[in-house]
Amino acid sequence: MVTFAAVVGTVLIEFAISMATGRPYPFFVFVLDVLMPAAMGFPVAYLLFRQQHRLRAAAAELKQVNAELTHKVSRDHLTGFLNRETFFERTGGLRRRSDAGALLLIDADHFKTINDTHGHLVGDEALRLIAGAISRSVRDTDVLGRVGGEEFCVFLPSTERWEAVVVAERLRAGVEQLDFRPIPDVRHPLSVSIGAVMHDAGESMSKLMRRADIALYRAKASGRNMVVMPRETRLVDSEPVACRNRIQAVTLRSW
């Protein structure tokens, strides 16, 4: 197309000059006007477009490599969850856009015993199973992170208190039902303790984490394998009765 445009342009310019000066437009000049741009323009245009195609392909490949690198840098290699820094960064952005939300701080119970008894490879498998149970228990919009060795965080954006308790309890029960067998035919129970807190738009992330850590400590001190969430002075009137009862049951040892 570029070559054809060059040929047509050359012929029209030469024809216009001939008409303006009153000189004839010989046939051999017309042939030269067609052949010269075709002989020179096509190879040049072909090389330019081929180079442009290569540049586009290289840019697409670089974009894919950058995306893969970003994914690797931001993710925990064992579980696929966000790493600590990326989790807090992503959560901070969501907290700024919404006044509602909850943070779940999750810790695997008696995990050191698994590592000491069966080794770290078996411990890694237990963490992968727990991470899978967490993934199946939350929603697509929730943010998952591994913030410590056997410690996980889940941020539930745009979530009311009763919804957070339901998700946390579903998560706890999901881990409890895992079939973990470090030794063939011998099932080893897995469980997690969960500290759940509602996010306050006016507080820092570190303060929110401290409140969640206190709730987690109370869950550990009260026997583990439970959800602990600070009580509110009253439950919202729109909360379903079943969920209100569930909150009372789950937070029985809360404060």
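Not measured: the values here are computed from a predicted model.

Caption draft 1: Main features of the sheet that holds strand β2 (residues 143-146). The strand order β2-β3-β1-β4-β5 describes an open sheet built from five strands, whose pairing is mixed. Taken across any chain shown, the strands that pair with only one partner, and hence form the sheet edges, are β2 and β5 (227-228). Alignment of β2 against strand β3 (residues 151-157), held across four bridges, turns out to be antiparallel. Counted as the bridge partner of Gly145 is Cys153 from β3.

Caption draft 2: Quick look at the pairing of β2. Residues Val143 and Gly145 of β2 are buried on one face, and the alternating residues Leu144 and Arg146, pointing to the opposite face, are buried as well. Turn length for the β2-β3 hairpin, with the two strands adjacent in sequence and antiparallel, is four residues.

Caption draft 3: How the structure looks around the side chain of Thr86. Positionally, Thr86 belongs in helix α3 (residues 84-97). Here Asn83 takes part through its side chain, which lies 2.8 Å from a polar atom of the side chain of Thr86.

Caption draft 4: Molecular detail of the confidence of the model for the protein. For the protein, per-residue confidence averages 82 on the pLDDT scale, and residues scoring 70 or more make up 78% of the total. For the protein, per-element mean pLDDT is lowest for helix α8 (residues 241-250), which scores 44, and highest for β3, which scores 97. Under a pLDDT of 50 for its full length, residues 233-255 has, in the predicted model, 38 contacts with residues more than four places off or in other chains.

Caption draft 5: Geometry of helix α6 (residues 161-176). Given a rise of 1.5 Å per residue, 16 residues ought to cover 22 Å, and the 23 Å separating the end C-alpha atoms of α6 matches this to within 8%. Among all positions of α6, only Arg161, Ala164, Val165, Val167, Ala168, Glu169, Leu171, Arg172, Ala173 and Val175 are buried.

Caption draft 6: Summary view of the environment of Asp109. As for its position among the elements, Asp109 is in the loop between β1 (101-108) and α4 (111-118). Given the relative accessible area of 7%, Asp109 is considered buried. For the pair Asp109 and Arg224, spaced 115 residues apart in the sequence, the C-alpha separation amounts to 6.8 Å. If sequence neighbours within four positions are ignored, Asp109 has contacts with Ser191, Val192, Ser193, Lys220, Arg224 and Asn225. Polar side-chain contacts of Asp109 include one of 3.5 Å to the backbone nitrogen of Val192.

How each quantity is defined
- Residues numbered from 1 in each chain as written.
- Predicted model: local features only at pLDDT ≥ 70, side-chain atom pairs only at ≥ 80, totals over all residues.
- Heavy atoms only, no water.
- Pairing = 2+ DSSP bridges.
- Helix = DSSP H or I, 4+ residues; strand = E, 2+ residues; numbered from the N terminus.
- Buried < 20%, exposed > 50% of the residue type's maximum accessible area, 1.4 Å probe, protein only.
- Polar contact = N/O pair within 3.5 Å; in protein donor to acceptor, adjacent residues only side chain to side chain.
- pLDDT = per-residue confidence, 0-100.
- Contact = heavy atoms within 4.5 Å.
- Expected span 1.5 Å × (residues − 1).

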